[in-house]
2 protein chains.
Amino acid sequence: MSDTAPIYTKITIVGAGLIGSSVARAARHYGAADHIAIADANEDVLAEAKSLGIADSYSPSIPVAVADADMVLMAVPVGAMASVAAAAAPALKPGATVSDVGSVKSSVLSAVKPILPDTIHLIPGHPVAGTEQSGPAAGFATLFDGRWCILTPPEDADPEALNALAAFWSRLGSTVEQMTADHHDLVLAITSHVPHLIAYNIVGTANDLETVTRSEVIKYSAGGFRDFTRIAASDPTMWRDVFLNNKEAVLEMLGRFNEDLTALQRAIRWGDGDALFDLFTRTRDIRRRIIDAGQDEDEVDFGRPHEE
Amino acid sequence: MSDTAPIYTKITIVGAGLIGSSVARAARHYGAADHIAIADANEDVLAEAKSLGIADSYSPSIPVAVADADMVLMAVPVGAMASVAAAAAPALKPGATVSDVGSVKSSVLSAVKPILPDTIHLIPGHPVAGTEQSGPAAGFATLFDGRWCILTPPEDADPEALNALAAFWSRLGSTVEQMTADHHDLVLAITSHVPHLIAYNIVGTANDLETVTRSEVIKYSAGGFRDFTRIAASDPTMWRDVFLNNKEAVLEMLGRFNEDLTALQRAIRWGDGDALFDLFTRTRDIRRRIIDAGQDEDEVDFGRPHEE
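Residues numbered from 1 in each chain as written. Chains lettered and ligands numbered in written order. Predicted model: local features only at pLDDT ≥ 70, side-chain atom pairs only at ≥ 80, totals over all residues. Heavy atoms only, no water.

1. So, the overall build of chain A
Right, so step 1: Along its length, chain A carries 13 helices and nine strands.
Right, so step 2: Taken against the 2.2 N^0.38 rule, which gives 19 Å for 308 residues, the C-alpha radius of gyration of chain A at 21 Å falls within 12% of a compact globule.
Right, so step 3: When its C-alpha atoms are laid out on the principal axes, chain A stretches across 65 × 45 × 40 Å.
Right, so step 4: In chain A, which comprises 308 residues, the share counted as buried stands at 60%.
Right, so step 5: Excluding contacts between residues fewer than 6 apart, the proportion of contacts in chain A whose partners are at least 24 apart in sequence is 75%.
Right, so step 6: Of the roughly 11,200 Å² of accessible surface on chain A, a fraction of 51% belongs to carbon and sulfur atoms.
Right, so step 7: Treating the 24 positive side-chain charges of chain A as one cloud and the 42 negative ones as another, the clouds have centres 3 Å apart. (Helix = DSSP H or I, 4+ residues; strand = E, 2+ residues; numbered from the N terminus. Rg over C-alpha atoms; globule rule 2.2 N^0.38 Å. Buried < 20%, exposed > 50% of the residue type's maximum accessible area, 1.4 Å probe, protein only. Contact = heavy atoms within 4.5 Å. Areas by Shrake-Rupley, 256 points an atom, 1.4 Å probe, with all protein chains shown as cover. Lys, Arg positive; Asp, Glu negative; His and termini not counted. Charge placed at Lys NZ, Arg CZ, Asp CG, Glu CD.)

In structure tokens:
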């Protein structure tokens, strides 16, 4: 396959939120598909996507939108994947690929697999990218540049369909990785799900104090708290579904987080400065390695402007 | 006092790290003092500060550096404040002001107060500003612009000395607030100390997993984890001292954080999506209010570049 030829003749993106609208923009920007169709049951969202002109066709009907599609990408909250698949199933073209962008993979595989005809290639995926914003207007074509896209194909996945989907994400600028759905869910529990949970949690805790006013929390948030408010501003429906659908892995990682935090709490109570200093020294190195790996910018304070 | 005349004839900054070197740069940049002296017992740090030319005089000796100073600013880890005060005490000019930049105030007040002569005005302070970097080269003149500086004067503080110190921080671009040392320590426990503790903690937890490799944690850190690594890269000595010296307030806030996290954990285990959705919706508003208050930038994903 040449590296400029479209990967698919027609793709249909179901869900025009941050990720779906970004995929549409990126697919057009990089010429990954001849025709980009968008389906969204929410008429306001669909109208907004249409007014932004990010696709070639738009429909509130999933069966209408997926007709003739070579690849259907479900870009909806994890809890909605099954109903989207059920609506699409009767209208899918035999041999078409169905994928998704959900942050949880095992539950999607088990919920969607039985719904789809055997003639359909189901290959779940997850582009590890995003921002704290939501909706069609929040998307942009370069969201996936330099990010990782994880595919979790079933063992019997069709090699050709798998290669095409991998080529699609590569064209959008991502590096494609493959792993089992279970391992994906464990990796994301620690790199994404639990971090979001504790960010939501501390913002909630600060919000509910009586001894410290909310305006004090906001005024002095530059002390560190403000960093957590960014991901705690992420889409509530998407994140509710993530936690409901990746229960085991999240509870497992949360258990370890709690054990470690209890040890730190004890070190503070008993004045064990060495234990604190030891941890605070070990953690410093990871930041450097993330920057060296190109997964964050090497800018002080996230590059927040400090000039007048 | 005119708003261009120097606030002090001579100031001495003890400790040439991120904060001390930034105060030196800012004091010169805004003309807040005629003479800026720097003392640092670490010869390498002192030599680096000297090579950067950020002050008017440099000395490894605290008594030498504080002689004739109208204001002495202790910019060292909280645990080192008492020894700095003890070294300075005999050489302090009667009527001079001694202040600090520590993130904990009650312990500084009780540790330093008995050491200083009655002729000295002790007015603890805390500029709520900083970055994850350390050392003289990490400082910059605009670090305090638009940030808050909290002063925690004793009830019998000299009004003139207090006004001068407040004017000094205002000149550096900060908005000055006054509160009791105890209340400061409670406010910072939730806006700064506990956020740092849980960031250090999750980075440590991720670092120690067997089921997920360190390279996977780094590769997929864009899922949210990378945000926490920034403050988990902060100076280990400074933060060890913060937790050892603000034990009660940190344990109190940590207790509330743990209660709330346990409730979330239970909601996940029992599939209580409404409880999760409710919290995730409430927390969204705080981000907006912090941005409206000018305490963070209104840039998606902290303004991380998403263009090629």
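2. Description of the pattern of salt bridges
Right, so step 1: Inspection of the entire model under this criterion finds 31 salt bridges over all chains.
Right, so step 2: For B:Glu177, the salt bridge identified is with A:Lys219, shortest N-O distance 3.3 Å. On the criterion of chain membership, the pair formed by B:Glu177 in strand β9 (residues 175-178) and A:Lys219 in helix α8 (residues 214-219) is interchain, its members lying in two chains.
Right, so step 3: On the basis of relative accessible area, B:Glu177 is assigned to the partly exposed category, the value being 23%.
Right, so step 4: The salt bridge partner of B:Lys93 is B:Asp70, with a shortest N-O separation of 2.7 Å. Taken as a pair, B:Lys93 in the loop between α4 (81-88) and β5 (97-100) and B:Asp70 in the loop between α3 (62-66) and β4 (71-74) lie far apart in primary sequence, 23 residues in all.
Right, so step 5: Here B:Lys93 falls in the partly exposed class, since its relative accessible area comes to 31%.
Right, so step 6: Each of A:Glu132, A:Arg230, B:Arg226, B:Asp227 and B:Asp301 takes part in a single network of salt bridges with overlapping partners. (Salt bridge = Lys/Arg side-chain N within 4 Å of Asp/Glu carboxyl O.)

3. Describing the sheet that holds strand β7 (residues 125-128) of chain A
In a beta sheet, neighbouring strands are held together by backbone hydrogen bonds and run either parallel or antiparallel to one another.
Residues and elements named next belong to chain A.
Right, so step 1: If you walk across this open sheet you meet the three strands as β7-β8-β9, and the pairing is mixed. Edge positions in the open sheet fall to β7 and β9 (175-178), since each of these has one partner strand only. Ignoring strand direction, the axes of neighbouring strands in this sheet form an average angle of 25°.
Right, so step 2: Judged from the four bridges that link them, β7 and strand β8 (residues 148-151) form a sheet pairing that is antiparallel. Bridging from a neighbouring strand, Val128 pairs with Trp148 of β8.
Right, so step 3: Each of β7, β8 and β9 is contacted by helix α6 (residues 159-171), which is oriented at about 165° to β8, the strand it contacts most. (Pairing = 2+ DSSP bridges. Axes fitted to C-alpha atoms, helices over the stretch in contact; angles between N-to-C directions.)

4. Some words on the relation of the copies chain B and chain A
Right, so step 1: Overlaying chain B with chain A gives an RMSD of 0.0 Å, the required rotation being 180° about an axis along which the chain moves by 0.0 Å. When the rotation and shift are considered jointly, the pair of chain copies conforms to a two-fold rotation axis. Using C-alpha coordinates, one finds that chain B approaches the rotation axis most closely at B:Phe302, a distance of 3.1 Å.
Right, so step 2: A share of 100% of interface residues in chain B that are also interface residues in chain A marks the association as one of identical surfaces. (Least-squares fit on C-alpha atoms with pLDDT ≥ 70 in both.)

5. Regarding helix α7 (residues 181-207) of chain B
Residues and elements named next belong to chain B.
Right, so step 1: An ideal rise of 1.5 Å per residue puts 39 Å on 27 residues; α7 measures up with 36 Å between its terminal C-alpha atoms.
Right, so step 2: At Ala189, α7 is bent by approximately 55°, the largest bend along its length.
Right, so step 3: Within α7, 25 of the 27 residues are buried, leaving the element largely enclosed by the surrounding structure. (Expected span 1.5 Å × (residues − 1). Bend = angle between axes of the 7 residues up to and from the residue.)

6. Quick word on the domain arrangement of chain A
Residues and elements named next belong to chain A.
Right, so step 1: Domain assignment breaks chain A into domain 1 (8-179) and domain 2 (183-295).
Right, so step 2: Relative to domain 2, the C-alpha centre of domain 1 lies at a distance of 30 Å.
Right, so step 3: Contact between domain 1 and domain 2 buries roughly 1,400 Å² in total, counting both sides, with carbon and sulfur atoms accounting for 57%.
Right, so step 4: Looking only at domain 1, the three residues that lose the most surface to domain 2 are Ser103, Val104 and Glu132, adding up to 36% of its buried area.
Right, so step 5: At the boundary of domain 1 with domain 2, the tally comes to one salt bridge. (Domains from an automatic or database assignment. Buried area = accessible area lost by both parts, 1.4 Å probe.)

7. Quick look at the environment of B:Arg226
Right, so step 1: Counting through the fold element by element, B:Arg226 comes out in helix α9 (residues 225-231).
Right, so step 2: On the basis of relative accessibility, which here comes to 5%, the residue B:Arg226 falls in the buried class.
Right, so step 3: In sequence terms B:Arg226 and B:Val203 are 23 residues apart; their C-alpha atoms lie 9.1 Å from each other.
Right, so step 4: Beyond its immediate chain neighbours, meaning those up to four positions away, B:Arg226 contacts A:Arg147, A:Arg287, A:Ile290, A:Gln295, A:Asp296, B:Ser221, B:Asp301 and B:Arg304.

8. Brief notes about unusual backbone geometry
Right, so step 1: The phi torsion at A:Asp68 lies on the positive side, around 70°, for a residue other than glycine.
Right, so step 2: Examined against the element boundaries, A:Asp68 turns out to sit in the loop between α3 (62-66) and β4 (71-74).

9. Things to note about the interface of chain B and chain A
Much of the literature gives interface size as the accessible area that the parts lose upon coming together.
Right, so step 1: In this complex, chain B contributes 111 residues to the contact, which on the side of chain A involves 111 residues.
Right, so step 2: Both faces considered, chain B and chain A share a buried interface measuring about 10,900 Å² in area, 64% of it formed by carbon and sulfur atoms.
Right, so step 3: The largest share of the area that chain B buries against chain A comes from B:Tyr220, B:Ile268 and B:Phe280, three residues that together contribute 7% of it.
Right, so step 4: Summed over the shared surface of chain B and chain A, the number is 10 salt bridges.
Right, so step 5: The interface formed by chain B and chain A contains 43 residue pairs in polar contact (both at pLDDT 80 or more). (Polar contact = N/O pair within 3.5 Å; in protein donor to acceptor, adjacent residues only side chain to side chain.)

10. Concerning the pairing of strand β5 (residues 97-100) of chain A
Residue and element names in this part refer to chain A.
Right, so step 1: Of the two faces of β5, the one lined by Thr97 and Ser99 and the one lined by Val98 and Asp100 are each fully buried.
Right, so step 2: Pairing of β4 with β5, which is carried by four bridges, proceeds in the parallel orientation. Residue pairing in the sheet places Leu73 in a bridge with Ser99 of β5.
Right, so step 3: The sheet contact formed by β5 and strand β6 (residues 121-122) spans two bridges and is parallel. What sits directly across from Thr97, in β6, is His121.

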